[in-house]
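# Reading the structure
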Amino acid sequence: MRRDANAPLGVFDSGLGGLTVVRALRAALPHEDIVYLGDTARVPYGTKGPGTVTRYALGCASHLVARGVKAIVVACNTVSAVAPERLRVELDLPVLGVIEPGARAAAEATRVFKVGVLATAGTIASGAYPRAVAACSTRVETIGQAAPLLVPLAEEGWTDGDVPRLAARRYLEPLARAGVDVIVLGCTHYPLLYAVLEREAKDLVGPHVTIIDSARAVAREVASFLADRSLLRSADSPGTIRLLVTDLPNAFDRTASRFLGSEVDGAEQIDL
Ligand code: DGL
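Just so you know, these numbers come straight off a predicted model, no measurement behind them.

## Thoughts on the environment of Ile99
By secondary structure assignment, the location of Ile99 is in helix α5 (residues 99–109). Ile99 sits in the buried class, given a relative accessible area of 2%. For the pair Ile99 and Leu231, spaced 132 residues apart in sequence, the C-alpha separation works out to 22 Å. With residues near it in sequence (within four places) discarded, Ile99 still touches Asn77, Ser80, Ala81, Thr123, Ala128, Tyr129 and Ala132.

## Let's talk about empty space enclosed by the protein
Scanning the model with the defined rule gives 2 cavities of 30 Å³ or more in all. Each pocket or cavity is described by its volume, and for the largest cavity that value is around 60 Å³. Taken together, Asp13, Ser14, Pro44, Tyr45, Gly46, Cys76, Thr78, Thr120, Val151, Cys187, Thr188 and His189 make up the lining of the largest cavity. Per-class residue counts for the lining of the largest cavity are 5 nonpolar, 6 polar and 1 charged. Here the second largest cavity is characterised by a volume of approximately 40 Å³. Lining the second largest cavity are Thr20, Val21, Val98, Leu185, Cys187, Thr188, Pro191, Asp213, Ser214, Ala215 and Val218. Those elements that provide at least two residues to the lining of the second largest cavity are α1 (19–28) and α11 (215–228). When the residues that make up the lining of the second largest cavity are grouped by side-chain class, the tally is 7 nonpolar, 3 polar and 1 charged.

Parameters and conventions
Counting restarts for each chain: residues are numbered from 1 in the order of the written sequence. Residues qualify for local features only when their pLDDT is at least 70, as the model is predicted, and side-chain atom pairs are given and counted only at 80 or more; totals for whole chains, interfaces and linings, by contrast, use all residues. Each side-chain value is derived from all of the structure's non-hydrogen atoms; neither hydrogens nor water enter the calculation. What counts as a helix is a DSSP run of H or I of at least four residues, what counts as a strand is a run of E of at least two, and both are numbered from the N terminus. Each residue is assigned to one of three classes by its accessible area relative to the maximum for its type, calculated with a 1.4 Å probe on protein chains only: buried under 20%, partly exposed between the two thresholds, exposed over 50%. Note on definitions: a residue-residue contact is assigned when non-hydrogen atoms from the two residues lie within 4.5 Å. The distinction between a cavity and a pocket rests on a 1 Å grid over the protein atoms alone: a 1.4 Å probe fits inside a cavity but cannot get out, while a pocket stays open yet meets protein on both sides within 12 Å along at least five of seven lines, and a residue with an atom within 4 Å of a point counts as lining. Grid points are joined across faces, edges and corners, and a volume is the space filled by probe spheres set on the points. The classification used treats Ala, Val, Leu, Ile, Met, Phe, Trp, Tyr, Cys and Pro as nonpolar, Asp, Glu, Lys and Arg as charged, and all other residues, Gly among them, as polar.

It is worth stressing that arrangement in space is one thing and function is another; only the former is reported here.
The following block contains the structure:
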């Protein structure tokens with residue numbers, strides 16, 4: 001099917017986390033219109049089973065398709081880990097995930113051939129990161145650590161102080177003991193806690209530790225994907241960002257405007 005290059009890009013996540021990807025897309029593709037859907041009524045996804053996550057993801061993606069998007073960026077590691085093939089088959093539309101770009105960046109960055117991944121329980125259980133890293137280099141070992149409490153902390157905006165610091169240390173300790181030199185933030189919510197995670201990782205692993213927030217790598221891949229298929233928007237006016245949520249639009253607005261800047265209109269509440 002011929003796609004309209006001037007149609008918006010669809011992006012979704014369970015809640016706020018995918019805004020970290022929207023921010024990077026905005027920087028890499030300033031002329032693209034973006035429709036972002038945060039499934040705030042059903043967050044978190046990371047503690048749920050693959051069947052449930054796939055069902056929720058199909059609901060979000062179908063809604064974006066009905067709004068005429070030209071491609072979908074799954075700004076959620078948990079969905080990218082368990083559902084991308086199903087989405088591609090059911091939607092007949094380009095679907096880009098967030099796992100491979102982060103895995104590639106990690107495999108390139110490690111000097112000791114050991115990469116740590118902090119992610120949701122669902123992403124860790126899926127084995128998607130070890131597979132994606134092994135596809136880049138069979139010499140690199142991947143050590144996964146589920147860090148479920150970081151998602152509600154990010155959603156609450158509780159990003160500094162003793163509680164996030166102690167949670168971050170608890171999750172980083174096993175990775176430090178395993179001797180990794182690279183840590184992938186394998187959940188799009190975690191970059192909201194970047195400062196505390198970086199500080200504690202430097203303390204536990206050492207100042208040489210590399211933290212990978214895959215948002216920029218994802219945005220680069222989306223940009224070259226659209227360019228290769230002549231799908232870049234032709235207008236050179238700045239693109240718009242439209243926010244949709246399934247619950248609590250006002251709470252979402254506060255973080256979204258802090259995160260994306262004031263040019264963003266308020267979120268619209270939708271039902272899936
Ligand atoms: N931000 C999502 C991810 O990257 C999901 C977090 C959650 O809902 O548990 O995995």
